[in-house]
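# Working through the structure, step by step
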Amino acid sequence: MLLLDTNALLWALSDDPRLGGAARELIEEAWATGAVAVSAVTFWEVALLVERQRLTLSATPEQWRRARIADGLVELPLHGEEALRAVRLGEEGFHRDPADRFIVATALIGGHTLVTSDQQILAWPGPLPRVDSRGVGPGGSRHPTRNA
């Protein structure tokens, strides 16, 4: 399953040119089979962006979330296991952003490939299958990379 970081989801839904062609194709193929997910934390991030007036939606964040799920997006919940794994990421040299930690922990525990443009996540040497959503650099190929 592909797990989209918040930016990758927003870019995919808005046809943003920052989303690379390979990542867009990968997302479209996975979406067609019900294999595209986001962490519940992504909806929290979207709501914060709206609250801070850094993102405008055509509906409330609650309505927007329901519409994405109705479109076939899978929402992965945050459980205690992911929360505890997110804390341990700090011991592995992962940066301090809690939302990124929750999303990466969700990907690790579920065995998902993360689609992101976050340079800190892409550069992290941990065992995370990932795709650069911009389609550039080491993770930018159609096939996910796995740092060991």
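## Here's the deal with the overall build of the chain
What the chain contains, in helices and strands, is seven helices and six strands. In summary, the chain has a C-alpha radius of gyration of 14 Å against a globular reference of 15 Å for 148 residues, a match within 12%. Considering only C-alpha atoms, the chain reaches an extent of 40 × 30 × 30 Å along its principal axes. Across the 148 residues in the chain, those meeting the buried criterion constitute 45%.

## A closer look at the environment of Ala83
Along the chain, Ala83 turns up in helix α5 (residues 80-88). In this structure, the C-alpha to C-alpha distance between Ala83 and Thr106, residues 23 residues apart in sequence, is 8.7 Å.

## Description of the pairing of strand β5 (residues 129-132)
Both faces of β5 are covered, namely the face carrying Pro129 and Val131 and the face carrying Arg130 and Asp132. In this sheet, β5 lies alongside strand β4 (residues 113-116) in parallel orientation, the contact comprising three bridges. The residue of β5 that forms the bridge with Thr116 is Asp132.

Here is what the cut-offs are and how they apply
- Residues numbered from 1 in each chain as written.
- Predicted model: local features only at pLDDT ≥ 70, side-chain atom pairs only at ≥ 80, totals over all residues.
- Heavy atoms only, no water.
- Helix = DSSP H or I, 4+ residues; strand = E, 2+ residues; numbered from the N terminus.
- Rg over C-alpha atoms; globule rule 2.2 N^0.38 Å.
- Buried < 20%, exposed > 50% of the residue type's maximum accessible area, 1.4 Å probe, protein only.
- Pairing = 2+ DSSP bridges.

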